[in-house]
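An overview of the molecular structure
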Amino acid sequence: MSRLQEFKDRLKMLRKEKKLTQVKLGEMLNYGYTAIANYESGRNQPSIPDLKKIASIFDVSLDYLLGVNDIRHPYMVDDDSIEFNRFQTYYAQLSKNSREELLMYMQWLLDRDAMRKEENTTEKSSLLRVAQTEKEYRKD
């Protein structure tokens, strides 16, 4: 199992994943970028209310943010579906290494879905710009 990251490393990783600058994250938290730089260097630690805000911004649990575990979203909605029960049965039969591989694959699927969603959003906004330009052209 991999060594868990510290808060400072996890914060930097999450910020870069979301393509936020230290300045932008600081603005989102209502303070300057130097506070973020100090968090990422390990010089300072945020308050509990600020930790909650940071976890919310990155949509992760506090345990994940603080490096307590590698589970980004530990809470699940109860699911009694046949598919989920089958998944649990298969998962319980896997070796530890196979479980880790499955989790990596599941993370890859989530990342792929997020990229596709982002591509669709970008594509839709491009189409809207083209339509708007066309509309303005017809006015003239």
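Thoughts on unusual backbone geometry
A positive phi angle, near 60 degrees, is found at Lys19, a position not held by glycine. Residue class for Lys19 comes out exposed when judged on its relative accessible area of 69%.

Re the packing of helix 1 (residues 7-17) against helix 4 (residues 48-58)
The geometry of helix 1 relative to helix 4 is characterised by a closest axis approach of 11 Å and an angle of 35 degrees between their N-to-C directions. For helix 1 against helix 4, the interelement crossing comes out left-handed. On the side of helix 1, the interface is formed by Phe7, Leu11, Leu14 and Arg15, while helix 4 contributes Leu51, Ile54 and Phe58. Class assignment for the residues of the contact of helix 1 with helix 4 results in 6 nonpolar, no polar and 1 charged.

Structural notes on the nonpolar core
With 16 residues, the main nonpolar core has Phe7, Leu11, Leu25, Ile54, Phe58, Val60 and Leu65 as its most contacted residues. With 5 residues, helix 4 is the single largest residue contributor to this core. Leaving out residues up to four positions away in the same chain, Leu25 has contacts with Leu11, Arg15, Leu20, Ile36, Ile57 and Phe58.

Concerning the packing of aromatic side chains
As enumerated under the stated definition, the model contains 5 aromatic pairs in all. Seen from their ring centres, Phe87 and Tyr91 are 5.9 Å apart, and the 25 degrees between their planes marks the pair as stacked. Placement of the pair is Phe87 and Tyr91 together in helix 6 (residues 82-93), with a separation of 4 residues, close to one helical turn. Residue class for Phe87 comes out partly exposed when judged on its relative accessible area of 31%.

Rules of the game
Residues numbered from 1 in each chain as written. Predicted model: local features only at pLDDT ≥ 70, side-chain atom pairs only at ≥ 80, totals over all residues. Heavy atoms only, no water. Buried < 20%, exposed > 50% of the residue type's maximum accessible area, 1.4 Å probe, protein only. Axes fitted to C-alpha atoms, helices over the stretch in contact; angles between N-to-C directions. Helix = DSSP H or I, 4+ residues; strand = E, 2+ residues; numbered from the N terminus. Left-handed = near helix turned anticlockwise from the far one by under 90°. Contact = heavy atoms within 4.5 Å. Nonpolar A, V, L, I, M, F, W, Y, C, P; charged D, E, K, R; others polar. Core = buried A, V, L, I, M, F, W, Y, C linked by side-chain atoms within 4.5 Å. Phe/Tyr/Trp six-rings, centres within 6.5 Å; stacked < 30°, edge-to-face > 60°.

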